[in-house]
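Structure at a glance
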Amino acid sequence: MAPKKPQEKTPEELFLQPLARLAGEDPEIEALVFWGDADGWPALPSEALESEEITFWAEGLIPEGFHLEWRVIAGPDGTSPDHIRLYAWETGAAPPEGDAAVLARARWPA
């Protein structure tokens, strides 16, 4: 029997793949969730997600038409991940740049 051809990843899966990989490598990593709207962005997150909840939470919003951005924030050493910030919004501007060092980021839709 011929080997099975690997399944192509959807754009949504490719967007979330780095988060899934990070959560698998670091089961203690958490994500802080920020919700934006036409009035702007709150200074504090609305909730925190454990590693196994991160991609599940984000993939549930994509088909609903939300804009999403994730940022992997550096720890004190500047090179290893400390936590993830997830930004979600329907209307209004994209999230502002912060002063934390960002190791990786992506936005949906791009």
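Look a little higher up for the structure.
Please read all numbers here as calculations on a predicted model, not as lab measurements.

**Examining the packing of aromatic side chains**
- Following the criterion strictly, the structure yields seven aromatic pairs and no others.
- Ring centres of F34 and Y87 lie 5.2 Å apart, and the angle between their planes is 20°; this geometry places the pair in the stacked category. With F34 in strand β1 (residues 31–36) and Y87 in strand β4 (residues 81–89), this residue pair connects regions lying 53 residues apart in the sequence. Residues F34 and Y87 agree in their burial class; the two are buried.
- The interplanar angle of 75° and the centroid separation of 5.5 Å between the aromatic rings of W35 and F66 together place this pair among those described as edge-to-face.

**Some thoughts on the nonpolar core**
- One finds L19, I54, W57, L68, I84 and L86 to be the most contacted residues of the largest nonpolar core, which totals 21 residues.
- Within the residue set of this core, elements represented by two or more residues are α1 (11–25), β1, α2 (54–61), β3 (67–74) and β4.
- Setting aside chain neighbours within four positions, we find I54 in contact with L19, I29, E30, A31, L49, I84 and L86.

**A few points about α1**
- The terminal C-alpha atoms of α1 lie 22 Å apart, and with 15 residues this matches the ideal 21 Å at 1.5 Å per residue to within 8%.
- Of all the bends found along α1, the most pronounced is centred on Q17 and spans about 45°, while P18, a proline, follows it within four residues.
- Buried within α1 are the following residues: F15, L16, L19, L22 and A23.
- Those residues of α1 that are buried lie in contact with α2, β3, β4 and β5 (102–108).

**Observations regarding the sheet that holds strand β2 (residues 47–49)**
- In spatial order, the strands read β2-β1-β4-β3-β5; together these five strands make up an open sheet with mixed pairing. Taken across any chain shown, the strands that pair with only one partner, and hence form the sheet edges, are β2 and β5. Recorded for the sheet is a direction-independent mean angle of 20° between the axes of neighbouring strands.
- Where β3 meets β4, eight bridges bridge the pair, whose relative direction is antiparallel. From the neighbouring strand, V72 faces β4, where its bridge partner is I84.
- Across the sheet, α1 is in contact with β3, β4 and β5; its angle to β3 comes to roughly 25°.
- Of the strands in this sheet, β1, β2, β3 and β4 touch α2, which is tilted by about 20° from β4.

What counts as what
Residues numbered from 1 in each chain as written. Predicted model: local features only at pLDDT ≥ 70, side-chain atom pairs only at ≥ 80, totals over all residues. Heavy atoms only, no water. Phe/Tyr/Trp six-rings, centres within 6.5 Å; stacked < 30°, edge-to-face > 60°. Helix = DSSP H or I, 4+ residues; strand = E, 2+ residues; numbered from the N terminus. Buried < 20%, exposed > 50% of the residue type's maximum accessible area, 1.4 Å probe, protein only. Core = buried A, V, L, I, M, F, W, Y, C linked by side-chain atoms within 4.5 Å. Contact = heavy atoms within 4.5 Å. Expected span 1.5 Å × (residues − 1). Bend = angle between axes of the 7 residues up to and from the residue. Pairing = 2+ DSSP bridges. Axes fitted to C-alpha atoms, helices over the stretch in contact; angles between N-to-C directions.

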